[in-house]
Structure formats: structure tokens, C-alpha cells
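Secondary and tertiary structure notes
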Amino acid sequence: MASETQGVANLELESAIGFNGRVFSGLWLHPDKENLVYPLGNTVIIKRVKDGKLEFLQGHTDNVTCVAVSRKGSFIASGQVNFMNHKAPLIIWDYANRAIYALWEHHKTKVEALAFSPNEKYLVSLGGLDDGSIVIWNIETKRAICGCQASAQHVGQCFTVRYSNTNDNIFVSAGNETLRVWELDVASKKIIPTECRTDKLKRVMKCIEISEDDQYIFCGTTTGDIMKINMNMRRLSGCGPVKTKYNLGVSVIKILKSGDLIVGSGSGTVALCSGSNFRTLKKVQVEKRVTSITMTGDDQKCVIGTEASHIYGFHCEEFKTELLTSCPTRAVKDVAIPFGTSEIFATCSEGDIRLWKINKSKELLRITVPNMTCNSLEFMMDGHSIISAWNDGKIRGFGPESGCLLFIIHNAHSNGVTAVAGTKDSKRIVSGGGEGQVCVWELTQPKPRLLQFMKEHRSSVNCIKIKSDDKECVSVSSDRTCIIWDLERFVSRQLVTANSMFQTVCYHPEEFQMITSGTDGKVTFWDLHLGTAIREMVVTQGGAINAMDITQDGKHFVTGGNDKVVKVWDYIAGEMTHVGITHGGTITSVKICSNNRTLISTSEDGAILRWKFPFPLSS
């Protein structure tokens, strides 16, 4: 991918909707109390609390797996995942300059966890399952001091590390039946572990918290209890709660100045727990596993991140939560922008459709259909409805302002509705299904009626586009066929085939050509009159092209796919002009607004990115 995009200008990322709540301790409130720091795809985001302004730390090549912020706030560290047996980059960022301070590649496949020493002298990094090593890095010299295997041979994987609060030479690691206190000997360049005695208790520990005076270590376990270790004696001091444990394990712990604990569990429980006897004093429920708790410093408020990609403000005294940010947690399947406006856009995913304000990336409306997945959506040209395709075989129409259900077409397709498009006169809908059928529906009252179905595809219909005169449409399928349909006589006009499972298609605005793309990573240009391929070009060596859109003037088009890169192309020259390298997941959809000022892209990791399109229409 690097060789393909070398020397190509970068797209300007204007906004990002998303938060990877699956990264444990990935959400931090910076010590300046003004910014939140968290991962999204291969980017670390700095979000100003006051007005939501975003800044992006970009340098990783794959999903960020861990984040740490130094105590004084001078540095941010982040690690990533990489291909099997490849080195996974670890980056230290200069917070003041928002720039890379140091970049190291040591751990194989994945960086599991990171922790800064209290005086910002050292950084400890932990490798993942394929690596299993702990390395100490000197921040001033930007060099590794020493390293060692994190766990003894007779125990399991190490999952987390935490530095002492008072000593730059002491840190703690924990994991599957392993809990070690490490001491750094700088002179001899060694780290010496001491196993903590836990008597007969065998636990898998996923999180560590150390008391401010370094007297005790608190470890959250997958069995739902908390182990308290005397750090000086290196032995178990207590464990609880004894009776009512936390469902689905303890995933994060924070110590209050009072000595009590804020505990987050796998079931979404946030509890106030006694630091002496582990008795639950208060509790509140949030959605899905709690993965991050970051304190504001005054014991009154904290910020909570969950696996549902939700960020909550939490009042410790009142013990109440306030939802601050809600992001898609599953793959975003499709994006739609109403024609003639650049103010709103809509996305769809598992269970819901969401409407967003473009310039603020603010959620305006959420339409929920529980336990169902929306595969495709489109604004009707008159702006009165949003049509959507669902995996339960139904087509649903919703009001874009109210979110009210306007109509349902039951049993539209037997194997789920996979594609949908509306005619320019807003009177008909064309849909495609998993069984390969293309159907034309008339929007009549009191309910839509089927005009005709057309069956020539033998596999799932992946995309449908309708010509501007509403007399013709084109559909592409996984059966390697692309068919142009007559919407007046309901017959196929042309059928073209390729050695690729077609994923998407676009008409050129002048409608004398169309472009298709699919699993072979190529874009093919077709003459609509003759039905022949004019030109074929390789867009990526990194797998399928899943999404494509073309500008209103027909001068440029955009692609996105398995290589996780948004690419802008000159239509005539066939040359790549700009790239966007921020997505951490496979790109599922791209859309250009009608004035060419904004480009929206979405991906399987739930990210929604807004780019400044580099070729706006002249006014």
C-alpha cells in the first residue's frame, strides 16, 4: 500500500465520528483537563472538551491497540497491531507539537499495553500473545534500555502493565495467573521480576491500579473479584467481594482519594466499592462492558468509555451518568447524502439508521430497528423519505425529520434486501436481494405495490444505480455479472461479465459511460451504448474495492475497500490525486456531496470520517 500511494497528496481530514471502546484503558482525560485522548482506527484523536474540536495524531499503519498519557501530559504513547510476525510500531507523541517524538518497532504482531514512569523518564511496553516481551524505553535518549519475557513459562499471557506512582524504577505486570513487581537496574540494564504470592488463588487479571502511596496493588479479575496485594511484601492482602461478584469480570478500576474504588465490569456495571472490604456501596448501569475510566483529578467527576463506543460523563457523588458521545459500534454499511445539500448525511449499520449534521458531526436523529441490519439506504429526491434495505427481507421508509415509519414492504426479498435506490421523480423504488432478484416498486397509497421483478442474477445484488431519466438502471452482483435494465419494459438491455465479483457501480454524469469495481481491485470503464469495456485500471493490490462514488461534474471519482485507503482519482487521466490513510477497518462506503466540498467515508470498525474534498465545484 505504501508504494502505491507514495508521493500522492493526502486528503485533509476534517472530522471523525467514532471511538474504539474495545481498547482497554484507551480513553484518557489529558492532565490539562481540556482534552480527551482516545483511539479510532489507526489514529489517536485529541478532542477538546469545551467545543469538541478534533486534532489527529496520524502515523500508525493499522488499528491502535493501546494508549497511554504521561502524568505531566508532555507525551502520549500508542501501539498498534500488525500482520502476523511483522513488527508492530510503537509511537511516542510530543503533545505540545502534536508530532511524533519517537517511533520504535520491536514487538511482533501487537503492542498489548503501555505505561509511563511517574517522572516521564521511561516507558514500559508489553507485547501481545505472539511476542510476550516487556521492554523499557528511555524517553530522553529514545532508545531501549532492556527487555525480558513478561511471564514465566508455567503461566499464561500477560495482559497489562502499570508503573509505580513514586518510583521510576518499579512497575507491575499482570495476566493469566501471573502478577509480578519489576525493578529496573539501569546500571546493569536489567529488569528483575518478583512474583507476588497469591496463596491458592488462581486468577486471570485484566487491569491494575496502584494506590497513590504505592502501598497496595488492586487487580481486577475475569472471575468478578478484586485482589488486593501488599506491594512491599509482594503478597495477597485481601480479595473480594466474596459473595456477589461482578458479572462478566472486573475490566477497570480507579482509586479515589478516600481509598474507595470505582469499578467497571464486563456487564456494564459501574460501582463504588469499599477499598477495605470490597463491599459494593453504590452502582449504576451503562451499555456494555466498561473499558475505560479516567478521573478529572478532584474525585467528583470522571469520564467512562464502554465497548458500545459510548462515552459517559460520571458524577461520583451523585452516582449518575450522562451520555456525552454515542458512536456506531458495528460496521457502518452505507452512507447517503441528500441531493442538493451539504448539511446532513445518514449512515446505517446493525440495528439503526443515524442522521448527522455534516459541519459539526453531531447526531441529529437515530432510527432504531432492534436485532436487524440495514444494508443500504438512500434519500428520495424529493427529500420526504429515507428508503432502506434490511436483512429481514423488508424495505422500510422513514421520515428524515421525525424518524417516523412511513411504510414497510414485507417480504420484498427472500434472502434479505441488499441494495436499494429511488427514482428521480420519487415515485418508484428499485431493490435488489440476496437471492439475485431485482424488483421495481411503485410508491402508492396506502402501501407500495410491486410493479415487476426481474431475475437474471444468480447471486446477491450488491449495488443499484438509476439513470437520470428513470427509464434505466444498472445492477451488479456477486455472480460476476452487471446488467442494464429497461425500467419501462422490465427486461435486460445489456449484460456484461468480468473475472470479478462486482461490488459497486456508478454512472458517469453524462451517462455515456459507467464504471464498475469489485473483488479484483480493478475499476473498469464501460461504454453504455456498446456494452464493451473501454479501459481497465488497477486501483489497489490490497483486495476488493467495496465502495465508489463520482463527482457531479464527472471529473473525479473516489474508491475505498479492503486496503483501508480512501483514494481520489482523475477520471480522464486515470491517475490517483489524493489519498486518505486513517481508517483502521475495511472501507464499506464513500460518498461525495453535490457541491464537491465534503467526502464521507465509513468502515467496518464503525468509523465515519469527513474529508475536505480537494476539487470543489467552481461557484
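All values reported here derive from a predicted model rather than from experimental measurement.

Definitions and cut-offs
- Residues numbered from 1 in each chain as written.
- Predicted model: local features only at pLDDT ≥ 70, side-chain atom pairs only at ≥ 80, totals over all residues.
- Heavy atoms only, no water.
- Core = buried A, V, L, I, M, F, W, Y, C linked by side-chain atoms within 4.5 Å.
- Buried < 20%, exposed > 50% of the residue type's maximum accessible area, 1.4 Å probe, protein only.
- Helix = DSSP H or I, 4+ residues; strand = E, 2+ residues; numbered from the N terminus.
- Contact = heavy atoms within 4.5 Å.
- Pairing = 2+ DSSP bridges.
- Axes fitted to C-alpha atoms, helices over the stretch in contact; angles between N-to-C directions.
- Lys, Arg positive; Asp, Glu negative; His and termini not counted.
- Salt bridge = Lys/Arg side-chain N within 4 Å of Asp/Glu carboxyl O.
- Polar contact = N/O pair within 3.5 Å; in protein donor to acceptor, adjacent residues only side chain to side chain.
- Phe/Tyr/Trp six-rings, centres within 6.5 Å; stacked < 30°, edge-to-face > 60°.
- Lys NZ or Arg CZ within 6 Å of the ring centre and 35° of its normal.

1. Some thoughts on the nonpolar core
Ranked by internal contacts, the top residues of the largest apolar core, which has 27 residues, are Val-558 and Leu-599. Elements supplying a minimum of two residues to this core: strand 2 (12-17), strand 4 (35-40), strand 6 (54-58), strand 51 (566-570), strand 53 (587-592) and strand 55 (608-612). Residues within four places of Leu-599 in sequence aside, it is in contact with Leu-11, Val-558, Val-566, Val-590, Lys-591, Ile-592, Leu-609, Arg-610, Trp-611 and Phe-613. Core analysis: the next-biggest nonpolar cluster, separate from the first, contains 17 residues, Cys-146, Cys-158, Val-161 and Ile-191 among them.

2. Re the sheet that holds strand 17 (residues 178-185)
Read from one edge of the open sheet, four strands run 15-16-17-18, paired in antiparallel fashion. What marks the edges here is a single partner per strand, and that holds for strand 15 (158-163) and strand 18 (190-195). Strand-to-strand twist across the sheet, computed as the mean angle between neighbouring axes with direction ignored, equals 25 degrees. Relative to strand 18, strand 17 is paired through six bridges, and the arrangement is antiparallel. Each residue of the ladder has a partner; that of Leu-184, found in strand 18, is Ile-191.

3. Observations concerning the sheet that holds strand 47 (residues 522-527)
Read from one edge to the other, the open sheet built from four strands follows the order 45-46-47-48, with strand pairing classed as antiparallel. The open sheet has two edge strands with one neighbour each: strand 45 (502-507) and strand 48 (532-538). Between one strand axis and the next, the sheet turns through 20 degrees on average, direction left out of account. The sheet contact formed by strand 45 and strand 46 (residues 513-518) spans five bridges and is antiparallel. Across the sheet, residue Thr-504 finds its bridge partner in strand 46, namely Ser-517.

4. Quick look at the side chain of Glu-511
Position of Glu-511 among the secondary structure elements: in the loop between strand 45 and strand 46. Buried charge Glu-511 goes without a salt bridge, the closest partner of opposite sign being Lys-467 at 4.8 Å. Separated by 2.8 Å, the side chain of Glu-511 and the backbone nitrogen of Ser-468 make a polar contact. Discounting residues that sit within four places of it in the chain, Glu-511 has contacts with Lys-467, Ser-468 and Leu-528.

5. Quick word on the pattern of salt bridges
Between side chains of opposite charge, pairing is possible as soon as their charged atoms come close. Applying the stated criterion to the full structure yields 22 salt bridges. The partner of Glu-472 in a salt bridge is Lys-467, and the shortest N-O contact between them spans 3.9 Å. Exposure remark for Glu-472: the relative accessible area of 6% places this residue in the buried category.

6. Some thoughts on the packing of aromatic side chains
Enumeration over the complete set of coordinates arrives at twelve aromatic pairs. Each ring, one from Trp-104 and one from Trp-137, has its centre 4.3 Å from the other, and the planes form 10 degrees; the classification is stacked. Of this pair, Trp-104 sits in strand 10 (residues 99-108) while Trp-137 sits in strand 13 (residues 133-138), and the two are 33 residues apart along the sequence. Overall, Trp-137 belongs to the buried group, its relative accessible area being 5%. Both rings, one in Tyr-163 and one in Phe-171, keep their centres 5.6 Å apart while their planes meet at 50 degrees; by these two values the pair is tilted. For the pair Tyr-163 and Phe-171, one class covers both residues: buried. Joined through ring pairs, the aromatic side chains of Phe-525, Phe-557, Trp-569 and Tyr-571 make up one cluster. Over the aromatic face of Phe-159 sits the side chain of Lys-206, whose NZ or CZ is 4.9 Å from the ring centroid. Here Arg-396 stacks its cationic end above the ring of Trp-390, 5.2 Å away from the centre of that ring.

7. Details of the pairing of strand 30 (residues 320-326)
As a general feature of sheets, a regular strand has side chains that alternate between the two faces. In the sheet, strand 29 (residues 310-315) pairs with strand 30 via six bridges, with the strands oriented antiparallel. When the bridges of strand 30 are listed, Ile-311 appears paired with Thr-325. Hairpin geometry of strand 29 and strand 30 is characterised by an intervening segment of four residues between the two adjacent antiparallel strands and by a positive phi of about 55 degrees at Phe-319.

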